[in-house]
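Listed below are the residues making up each chain.
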Amino acid sequence: MPSLVLGSGSPRRKQLLELAGYDFSIRTSEVDESLEPGMRPEEAVVYLADKKGEALERKHGEVLLTADTVVADQGEILGKPRNEEEARRYLRQLSGGTHQVYTGVCLRGEDGCRSFFISTSVTFLKLSPEDVEWYIRTGEWLDKAGGYGIQGKGSLLVEKLEGDFYNVVGLPIARVVRALEQLGIRRP
């Protein structure tokens, strides 16, 4: 049976693979996540997941799993905020509306790369200025696409969700499990 390697330092992706019962190792690299102008969110996440997979060495008998998640509001990709002011802008922009969260996944094995993406719609409550400032103070917005984490205090910003909750967390684990099974990786 091939061995699984998570090509990500994300604690959330690590937790989800552990939740699914996998034994795996972790290997990371630094990748320039710049995007071509006008790239659609669903293209962007697959492009970045593939790029992350190409940046890592895959040894014989390994399947390398890489992923990327973005938040998109009316086609605009909201990445990880660079600072508090950008996080505030993102939260104000998402307030009271529905946006999409896309995660692209690349599974790189002996026969090349299998890539796919999942999209989930998230509707935010109407946030007051106090709500925004409270969330900024939590620090939870750091290193999170769109400036929030749905699995933590960010859940208090969300009115409803349509689609895969774990996709918003950062890895559509049910779909990943099925794709890994097709590559011969089973849970113990």
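First, a word on scope: everything that follows refers to the structure included in this document. A quick note: this is a predicted structure, and the numbers were derived from the prediction, not measured.

### Some details on the pattern of salt bridges
Throughout the structure, instances matching the rule amount to 17 salt bridges. In this structure, Glu43 engages Arg40 in a salt bridge whose closest nitrogen and oxygen atoms are separated by 3.7 Å. Its relative accessible area of 36% is what places Glu43 among the partly exposed residues. Judged by its relative accessible area of 46%, Arg40 falls in the partly exposed class. Among the salt bridges present, the one from Lys52 reaches Asp68, with a minimum N-O distance of 2.8 Å. Here Asp68 lies in strand β3 (residues 62–73) and Lys52 lies in helix α2 (residues 41–54), a separation of 16 residues in the sequence. In terms of burial, Lys52 and Asp68 fall into one category: buried. Look at the salt bridges and you will find they share partners, linking Glu84, Glu85, Arg88, Arg92 and Glu133 into a network.

### Focus on the state of the cysteines
All told, the structure shown has one disulfide when counted by the stated rule. Paired by a disulfide, Cys106 and Cys113 hold their sulfur atoms 2.2 Å apart. In this structure Cys106 comes out as buried when scored by relative accessible area, which is 0%. The exposure class of Cys113 is partly exposed, given its relative accessible area of 32%.

Procedures and definitions
- Residues numbered from 1 in each chain as written.
- Predicted model: local features only at pLDDT ≥ 70, side-chain atom pairs only at ≥ 80, totals over all residues.
- Heavy atoms only, no water.
- Salt bridge = Lys/Arg side-chain N within 4 Å of Asp/Glu carboxyl O.
- Buried < 20%, exposed > 50% of the residue type's maximum accessible area, 1.4 Å probe, protein only.
- Helix = DSSP H or I, 4+ residues; strand = E, 2+ residues; numbered from the N terminus.
- Disulfide = S-S within 2.5 Å.

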